[in-house]
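# Residue-level structure breakdown
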Amino acid sequence: SAPVTISYDVTGMAHILASNEQAVYLGLCFAVARDRLFQLDELRRAAEGRLAELFGAGPNNAVLEQDELFRTFGLVQLAQTKFAAATPTVQADLAACALGINFEIGLAEAHQSLPPEFIDLGYTPEQWKPWQSELIALYFSISLDSNVYLAKLERASIMGLAGSQVAAALMP
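Parameters at a glance
- Residues numbered from 1 in each chain as written.
- Predicted model: local features only at pLDDT ≥ 70, side-chain atom pairs only at ≥ 80, totals over all residues.
- Heavy atoms only, no water.
- Helix = DSSP H or I, 4+ residues; strand = E, 2+ residues; numbered from the N terminus.
- Rg over C-alpha atoms; globule rule 2.2 N^0.38 Å.
- Buried < 20%, exposed > 50% of the residue type's maximum accessible area, 1.4 Å probe, protein only.
- Contact = heavy atoms within 4.5 Å.
- Areas by Shrake-Rupley, 256 points an atom, 1.4 Å probe, with all protein chains shown as cover.
- Lys, Arg positive; Asp, Glu negative; His and termini not counted.
- Charge placed at Lys NZ, Arg CZ, Asp CG, Glu CD.
- Phe/Tyr/Trp six-rings, centres within 6.5 Å; stacked < 30°, edge-to-face > 60°.
- Core = buried A, V, L, I, M, F, W, Y, C linked by side-chain atoms within 4.5 Å.
- Polar contact = N/O pair within 3.5 Å; in protein donor to acceptor, adjacent residues only side chain to side chain.
- Axes fitted to C-alpha atoms, helices over the stretch in contact; angles between N-to-C directions.
- Parallel < 35°, antiparallel > 145°, perpendicular 65-115°, else oblique.
- Left-handed = near helix turned anticlockwise from the far one by under 90°.
- Nonpolar A, V, L, I, M, F, W, Y, C, P; charged D, E, K, R; others polar.

## Re the overall build of the protein chain
A tally of regular secondary structure across the protein chain gives nine helices and two strands. Relative to a compact globule of 172 residues, whose C-alpha radius of gyration would be 16 Å, the protein chain shows 20 Å and is clearly more extended. Reported as C-alpha extents along the three principal axes, the dimensions of the protein chain are approximately 60 × 40 × 30 Å. Per-residue burial for the protein chain yields a buried fraction of 35% across its 172 residues. Across the protein chain, every contact between residues at least 6 apart in sequence was considered, and the portion connecting residues at least 24 apart equals 54%. Split by element, the accessible area of the protein chain, about 10200 Å² in all, is 59% carbon and sulfur. Counting 10 positive and 19 negative side-chain charges, the protein chain places the centres of these two groups 5 Å from one another.

## Looking at the packing of aromatic side chains
In this structure the tally under the stated criterion is six aromatic pairs. Seen in terms of ring centroids, Phe30 and Phe103 are 5.7 Å apart; in terms of plane orientation they differ by 50°. Their pairing is tilted. You can see Phe30 sitting in helix 1 (residues 21-48) and its partner Phe103 sitting in helix 5 (residues 88-110), a full 73 residues away along the chain. Pairing Phe70 with Phe73 gives two aromatic rings, centres 5.2 Å apart and planes at 85°, and the pair type is edge-to-face. Taken together, the residues Phe70 and Phe73, both in helix 3 (residues 62-73) and three residues apart, mark about one turn of the helix. In this pair, the class of Phe70 matches that of Phe73, namely buried. Connected via pairs of aromatic rings, a cluster forms that spans Phe70, Phe73, Tyr139 and Phe140.

## Comments concerning the nonpolar core
With 34 residues, the main nonpolar core has Leu37, Leu75, Ile101 and Leu135 as its most contacted residues. At the level of secondary structure, the elements contributing two or more residues to this core comprise helix 1, helix 2 (52-55), helix 3, helix 4 (75-85), helix 5 and helix 7 (131-143). With residues up to four places along the chain from it excluded, the contact list for Leu37 reads Val32, Ile101, Ile105, Leu114, Pro115, Phe118 and Pro125.

## Examining the side chain of Glu134
Looking at where Glu134 falls in the secondary structure, it is placed in helix 7. At 3.5 Å, the side chain of Glu134 forms a polar contact with the side chain of Lys82. Contact partners of Glu134, with chain neighbours within four places excluded, come to Ala79 and Lys82.

## Examining the packing of helix 1 against helix 5
The description of two packed helices rests on the angle between their axes and on the distance between the axes. Where helix 1 contacts helix 5, the two axes come as close as 7 Å, and the packing angle between them is 45°. Looking at the two axes, helix 1 sits oblique to helix 5. Crossing of helix 1 against helix 5: the hand is right-handed. Here helix 1 contributes Glu21, Gln22, Tyr25, Leu26, Cys29, Phe30, Ala33, Arg34, Leu37 and Leu40 to the contact with helix 5, which in turn contributes Thr89, Ala92, Asp93, Ala96, Cys97, Leu99, Gly100, Ile101, Phe103, Glu104, Ile105 and Leu107. Grouping the amino acids of the contact of helix 1 with helix 5 by side-chain chemistry returns 15 nonpolar, three polar and four charged.

This is how it looks when you write it as structure tokens:
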């Protein structure tokens, strides 16, 4: 394990110095968790279909329906599969990232300095697993491209019901 130095400039931007790739990922993910631990946890829960555990079903069951949708996508299984198939270097990078996030979780718990959202909601974050960084990437790919993704699902549904010519005519 190589040493990592994290310094912050006057704007709060983290600067990470390390002698190898895994040490850079550890430092980077520690710095991200230090600044955005609740956001990381919320993204992970959204991708896993677990937001209702924190926020309840929501108005008109909106949160619960989002959870059901993301569980249907199977992102957890896909992320685990992608991680297992990744090169040893990528697996080591993601493991170092998880170590950095977990180090911040441990420090925040030890110093009773978890972000206020955790206190308000009455829970502590679970340890980060290496494949969960891949999970967040998958979540972003769907949530940032949801209109295209949903259009592709609709087109596939039409093709299944009426054939490719009808689908092409309805959705050129």
